[in-house]
There are 2 protein chains.
Amino acid sequence: MEHTLTISVQDYLKHIYELTENGENASTNALAEKLDVKPASVTVMVQKLALSTPALVEYQKHQGVTLTKEGRKAALEVIRHHRLLETWLVRTLGYSWDEVHEDAERLEHVISEDFERRIAAVMGHPVRDPHGEFIPTAELTMPLDDSVPLSALRPNQTAMLQCVRGADAELLRHLESLGLVPGVHLEVLEYSPFDHNLMVKAGSKSAVLGLNVTHKIFVEVL
Amino acid sequence: MEHTLTISVQDYLKHIYELTENGENASTNALAEKLDVKPASVTVMVQKLALSTPALVEYQKHQGVTLTKEGRKAALEVIRHHRLLETWLVRTLGYSWDEVHEDAERLEHVISEDFERRIAAVMGHPVRDPHGEFIPTAELTMPLDDSVPLSALRPNQTAMLQCVRGADAELLRHLESLGLVPGVHLEVLEYSPFDHNLMVKAGSKSAVLGLNVTHKIFVEVL
DNA sequence: AATAATAATTAGTTCGGACTAAATTTACCC
DNA sequence: GGGTAAATTTAGTCCGAACTAATTATTATT
Ligand SMILES: [Mn+2]
Ligand SMILES: [Mn+2]
Ligand SMILES: [Mn+2]
Ligand SMILES: [Mn+2]
C-alpha cells in the first residue's frame, strides 16, 4: 500500500468505478459531468492516473478509461467508506435516506481504517447501505448483484425491491412516500408501450412511474 | 457567515486560539511548530488572514498574532467539532482517550452543522471532552475555566483532576495507568523544591511527577 | 553601543488541481 | 467520401499553500 491518494483522485476513481460497472469505458464528458468539473480537467487528471505507478486507470486517447486492479481496489475502498458511513448515519444519528449522501461524500475521504473497522463492527458488518446498495467487503470485493431494473418488468410480475441507485434527495423522498423502499414487495399492474411507464403497486399504494424512475430502481423478480 | 474556510485556515485559527489562551500573542515560530510547517509559510498565511475581509487575525510584523472576533468564532467552531467528535468516538465507538486525537483532527473539518447538532444531541450536549477540556457551546462561547495547573499545588493539598491538556498518547496511557483521569480526587504528598517534582496520590496509587507532567494536568483545589 | 544569536520576513519556486480558449479527433449524415 | 457537430485533447493561466534561500529585525551579551 503506497501513497495516500488525494481526495480528488479518490473521487475520480469512485466515479470511474460507477461509470464502468456496466462494462463500458467511462467517457471524459460523463466523468466531467459526475465530478462537476470541465472535460479538459478530466483529460489531464486521467492522463496522470494512467501514468502513475502503479497505474490506476487504463487510458487511451478518445477511448475513455477503465480501472486497473489497483484503481479498482482504491475505488472500492472509498465506496466501502461511503456506504458504511451512510448506513451508520442512518442507524445511529437518525438521518433519513435522502439526507445522508452529502455528509458521507466528505467523510469518506478522511476516516481511518480503524474507524472503518469500528463502525462496521458496531453495526454487525452490514451488507447493504440505506439505499440497498451492496457495501464492498473489508477485503474489497463486491458481492455479485443479480438484480434487474424495474423497467424490465411487465404486468403481473412481482418482485422485491433491492436498491435505488442514482436518485436525488427529492426522488428518494417521493419513493419513500410511495412505500418504495428496499425490501418491499411490489407488483407491476400496467405497462404503456409508448412511453414505457409502469404502474406499480407496493402495499396499499400504487403509482405510475416513468422510465426515468424505473431504471433507477433495482429488483429481484419473484 | 462567509463560511468555507479551507482546512489549512481552520487549522491555523485553531492553533492560534490555543497559543493565545494565556493572553500572549502567538509567535510565528510557535505556530510553525504546532502546525508542522516552516516559519516562512506561517508569515505568509498570517498576512493573508490579517488582510482578508473580515480580518481573522490581528497582526503586525515581528509581534505575532491574535484572533479577531471573527477569527475567534471560527476557531471555536473547529474546536467544538474536535471535542464533540472526540467525545463521541470514545462514547460510541470505544476509542480510548489516547486514540481519539488523530481521527478527530481530520473529521473536525468536514462535518456539517447538522452532523454537529446530531451528535451533540445524541450525547446529551456534553460539556467536557474525554480529556476534560471544555467543549465550546453551540453559540460558540467558551465556559470560564477556573482550574489551576497541578504544578501549583503543594503537600497536603487535595484536588479534583479536571483536565489533561497537551499530552501525547503515551503520556495519556501512563496517566491512566496511575488513575490520573478527569474526575479523580488526588492529594499531593511531597514536593521537591529543586526539580519541582510532586508526589501525587490518586486512589491507591501514587507517583512522582515532573514539571513536564504536572503543568499539563489541571485541577480544582478542594 | 556594538555584535552575535535568534526570530521573522521576503523573494522566488514548486505542486496539485482546477479553469478558458484553441486545436484536433472521432462520429454521423447525406 | 466530404462536411459538420460533438467529444476530446492541448496549451497556457491561476490559485492555495507549501518549500528553500537570502535578507532584515529584534534580542541578548558583553
Ligand atoms: Mn467525495
Ligand atoms: Mn447509498
Ligand atoms: Mn485539523
Ligand atoms: Mn481533547
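Residues numbered from 1 in each chain as written. Chains lettered and ligands numbered in written order. Predicted model: local features only at pLDDT ≥ 70, side-chain atom pairs only at ≥ 80, totals over all residues. Heavy atoms only, no water.

K.L.:
Outline the domain arrangement of chain A, listing residues and values.
P.N.:
Residues and elements named next belong to chain A. Each domain of chain A was delimited in the assignment, giving domain 1 (1–142) and domain 2 (148–221). Put simply, the middle of domain 1 and the middle of domain 2, counted by C-alpha atoms, are 26 Å apart. On the side of domain 2, twelve residues touch domain 1, which itself brings seven residues to the contact. Overall, the association of domain 1 and domain 2 removes approximately 830 Å² of surface from exposure, summing both partners, and the carbon and sulfur fraction of that is 54%. Three residues, W97, D98 and H131, lead the burial of domain 1 against domain 2; their summed loss comes to 64% of the area buried on that side. (Domains from an automatic or database assignment. Contact = heavy atoms within 4.5 Å. Buried area = accessible area lost by both parts, 1.4 Å probe.)

K.L.:
Go over unusual backbone geometry, please, and point to the residues and values.
P.N.:
For the bond from T53 of chain A to P54 of chain A, the omega torsion is -5°, close enough to zero to count as cis. The backbone of N156 of chain A sits at a positive phi, close to 80°, despite the residue not being glycine. Note that N156 of chain A resides in the loop between β3 (148–149) and β4 (158–164). Residue N156 of chain A is classed as exposed on the basis of its relative accessible area, which comes to 66%. Not every positive phi belongs to a glycine, and L140 of chain B is a case in point at roughly 65°. Considering the arrangement of structural elements, one finds L140 of chain B in the loop between α6 (113–122) and β3 (148–149). (Helix = DSSP H or I, 4+ residues; strand = E, 2+ residues; numbered from the N terminus. Buried < 20%, exposed > 50% of the residue type's maximum accessible area, 1.4 Å probe, protein only.)

K.L.:
Break down the relation of the copies chain B and chain A for me, citing the residues and quoting the values.
P.N.:
Mapping chain B onto chain A is achieved by rotating through 180° and translating by 0.0 Å along the same axis, at an RMSD of 0.1 Å. Given the turn and translation reported, the copies of this chain are related as if by a two-fold rotation axis. Every residue of chain B has its C-alpha some distance from the rotation axis, and the shortest such distance is that of L107 of chain B, at 3.5 Å. The fraction of interface residues of chain B whose copies in chain A are also interface residues reaches 100%, indicating that both copies meet through the same surface. (Least-squares fit on C-alpha atoms with pLDDT ≥ 70 in both.)

K.L.:
Can you break down the packing of helix α1 (residues 7–20) of chain B against helix α3 (residues 39–51) of chain B residue by residue, with the values?
P.N.:
Residues and elements named next belong to chain B. Where α1 contacts α3, the two axes come as close as 11 Å, and the packing angle between them is 95°. Looking at the two axes, α1 sits roughly perpendicular to α3. Between α1, through S8, V9, Y12 and L13, and α3, the contact on the second element is made entirely by S41, V42, M45 and L49. For the contact of α1 with α3, a count of residues per class yields six nonpolar, two polar and no charged. (Axes fitted to C-alpha atoms, helices over the stretch in contact; angles between N-to-C directions. Parallel < 35°, antiparallel > 145°, perpendicular 65-115°, else oblique. Nonpolar A, V, L, I, M, F, W, Y, C, P; charged D, E, K, R; others polar.)

K.L.:
Before we move on, can you summarise the coordination of the manganese ion (ligand 1) with the specific residues and values?
P.N.:
All names here are of chain A. Bound to the manganese ion (ligand 1) on the protein side are D11 (OD), E105 (O), E105 (OE), E108 (OE) and H109 (NE2), at distances that span 2.2 to 2.6 Å. Along the chain, the residues donating to the manganese ion (ligand 1) are arranged with the sequence spacing D-x93-E-x2-E-H. Judged by its relative accessible area of 18%, E105 falls in the buried class. By relative accessible area, E108 is classed as buried at 1%. (Donors = N, O, S within 2.8 Å, 3.2 Å for Na, K, Ca; no water.)

K.L.:
Which residues make up the coordination of the manganese ion (ligand 3), and what values go with them?
P.N.:
All names here are of chain B. Looking at the manganese ion (ligand 3), one finds its protein donor set to be D11 (OD), E105 (O), E105 (OE), E108 (OE) and H109 (NE2), positioned 2.2 to 2.7 Å from the metal centre. Between consecutive donor residues of the manganese ion (ligand 3), the sequence gaps follow D-x93-E-x2-E-H. H109 gets classed as buried once you look at its relative accessible area, which sits at 13%.

K.L.:
Before we move on, could you go through the pairing of strand β6 (residues 197–202) of chain A and cite the residues and values that matter?
P.N.:
Residue and element names in this part refer to chain A. Of the two faces of β6, the one lined by L198, V200 and A202 is fully buried and the one lined by N197, M199 and K201 carries no buried residue. Here strand β5 (residues 185–192) pairs with β6 via six bridges, running antiparallel. Across the sheet, V188 pairs through a bridge with V200, a residue of β6. From the end of β5 to the start of β6, which pair antiparallel, there are four residues, and H196 there has a positive phi angle of about 65°. Between β6 and strand β7 (residues 205–209), which pair antiparallel and follow one another directly, the connecting turn spans two residues, one of which, G203, has a positive phi of 60°. (Pairing = 2+ DSSP bridges.)

K.L.:
Can you break down the nonpolar core residue by residue, with the values?
P.N.:
Judged by nonpolar contacts, the single largest core of 32 residues is most densely connected at L85, W88 and F115 of chain A together with L85, W88 and F115 of chain B. Among the secondary structure elements, those contributing two or more residues to this core are α4 (69–93), α5 (100–107) and α6 (113–122) of chain A together with α4 (69–93), α5 (100–107) and α6 of chain B. With residues near it in sequence (within four places) discarded, L85 of chain B still touches A104, L107, E108, I111, F115 and I119 of chain B. (Core = buried A, V, L, I, M, F, W, Y, C linked by side-chain atoms within 4.5 Å.)

K.L.:
Outline the environment of D195 of chain A, listing residues and values.
P.N.:
By the secondary structure assignment, D195 of chain A is in the loop between β5 and β6. Residues D195 of chain A and V65 of chain A, spaced 130 residues apart in sequence, show a C-alpha to C-alpha distance of 33 Å.

K.L.:
Got a sec to walk through the sheet that holds β5 of chain A? Specific residues and values, please.
P.N.:
With antiparallel pairing, the six strands of this open sheet are ordered in space as β3-β8-β4-β5-β6-β7 (chain A). Because the sheet does not close on itself, it has two edges, and the strands there are β3 and β7 of chain A.

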